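Breakdown of the fold
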Amino acid sequence: DDVSEVRLLLLATAASRRETGDPMDSAILDSLNEAPPWTLVASFPFTEDRKRETGIVRENGSLLAAVKGAPEVVLGLCTVTPEASTHWLARIHELASSGHKVIACAWRELDATVWPGGEPDRDFRLAGLLAFEDPVRSGVPQALHRCQAARIHVIMVTGDHPDTARAVAQEVGLVAAFRPARVADR
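The structure contained in this document is the topic of the report that follows. (Residues numbered from 1 in each chain as written. Predicted model: local features only at pLDDT ≥ 70, side-chain atom pairs only at ≥ 80, totals over all residues. Heavy atoms only, no water.)

**Here's the deal with the overall build of the chain**
The secondary structure content of the chain amounts to 6 helices and 5 strands. Going from the N terminus to the C terminus, the chain shows its helices and strands as α-α-β-β-β-α-α-β-β-α-α. Along the longest, intermediate and shortest principal axes, the C-alpha atoms of the chain span 65 × 35 × 35 Å. Looking at the chain as a whole, 37% of its 186 residues are labelled buried. Taking contacts inside the chain between residues at least 6 apart in sequence as the whole, the part at least 24 apart equals 59%. Accessible area of the chain: about 11800 Å², with a carbon and sulfur share of 52%. The chain carries 20 positive and 26 negative side-chain charges, and their two centres are separated by 7 Å. (Helix = DSSP H or I, 4+ residues; strand = E, 2+ residues; numbered from the N terminus. Buried < 20%, exposed > 50% of the residue type's maximum accessible area, 1.4 Å probe, protein only. Contact = heavy atoms within 4.5 Å. Areas by Shrake-Rupley, 256 points an atom, 1.4 Å probe, with all protein chains shown as cover. Lys, Arg positive; Asp, Glu negative; His and termini not counted. Charge placed at Lys NZ, Arg CZ, Asp CG, Glu CD.)

**Comments concerning the pattern of salt bridges**
Using the criterion set out here, one finds 13 salt bridges in the structure. Between Asp2 and Arg125 there is a salt bridge, with the nearest N and O atoms lying 2.7 Å from each other. Separated by 123 residues along the polypeptide, Asp2 in the segment before helix H1 (5–14) and Arg125 in strand S5 (residues 125–132) bring together distant segments of the chain. Look at Asp2 and you get exposed, because its relative accessible area is 59%. For Arg125, a relative accessible area of 41% puts it in the partly exposed group. Here Asp163 makes a salt bridge to Arg166, at a shortest N to O gap of 3.1 Å. Note that Asp163 and Arg166 are positioned in helix H6 (residues 162–172) at a spacing of 3 residues, about one turn of the helix. Asp163 gets classed as buried once you look at its relative accessible area, which sits at 11%. (Salt bridge = Lys/Arg side-chain N within 4 Å of Asp/Glu carboxyl O.)

**What about the nonpolar core?**
Counting 21 residues, the largest nonpolar core has Ile56, Val74 and Phe124 as the members making the most contacts within it. Elements with a contribution of two residues or more to this core: strand S1 (39–44), strand S3 (62–69), helix H3 (71–77), helix H4 (82–97), strand S4 (101–110) and S5. The element that contributes the greatest number of residues to this core is S4, accounting for 4 residues. Excluding residues that lie within four positions of it along the chain, Val74 makes contacts with Val67, Lys68, Gly69, Ala104, Cys105, Ala106 and Leu126. Membership of the second largest hydrophobic core comes to 20 residues, among which are Leu10, Trp38, Val57 and Cys105. (Core = buried A, V, L, I, M, F, W, Y, C linked by side-chain atoms within 4.5 Å.)

**What about the side chain of Thr164?**
On the secondary structure map, Thr164 appears in helix H6. Judged by relative accessible area, Thr164 falls into the buried class, the value being 3%.

**Focus: H6**
What H6 keeps buried is the set Asp163, Thr164, Ala165, Ala167, Ala169 and Val172. Where the residues of H6 are buried, they touch H4, S4 and helix H5 (140–149).

**Some remarks on H1**
Taking burial as the measure, the 10 residues of H1 include 7 buried ones, the bulk of the element. Against the buried residues of H1 lie helix H2 (23–30), S1, strand S2 (52–59), S3, S4 and S5.

Laid out in structure tokens, this is it:
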């Protein structure tokens, strides 16, 4: 409630990089009309294991860490009450169930005199959620129907939140066959 939409987008830009080629990073970076008021100090890129990206920036002489990524992961880095966690998880479910790709953003200040240079992994403050819409291309439901009519077994593979995957599966006509599975950690 205490983070404006502009501030949320600014924090998301601190944890985004254009060189990734990621369309969400591009959308975040393109959402602002002006350059962020800081200098990038360090970046900890997104990986499938960590499911988050963190940027350390210098803003008005202070160090700030901003993180964005899988909502459950980012929430786990934040200091939130159980009630707040329940509220945010319900909001994530609501957005993902409508087919949106949802990421969470959080931030914390760093003491430059004691920061060892690594990626912070606790004591963040949740800034909010960003929901992205990636519409299904026209013709996909028809192509899927033709595949099913030809008895081709169609499998949907995605790293998205299960609620997002379920909503997209419903939109394209895969609902009856939708069974979320989890890949075992290696």
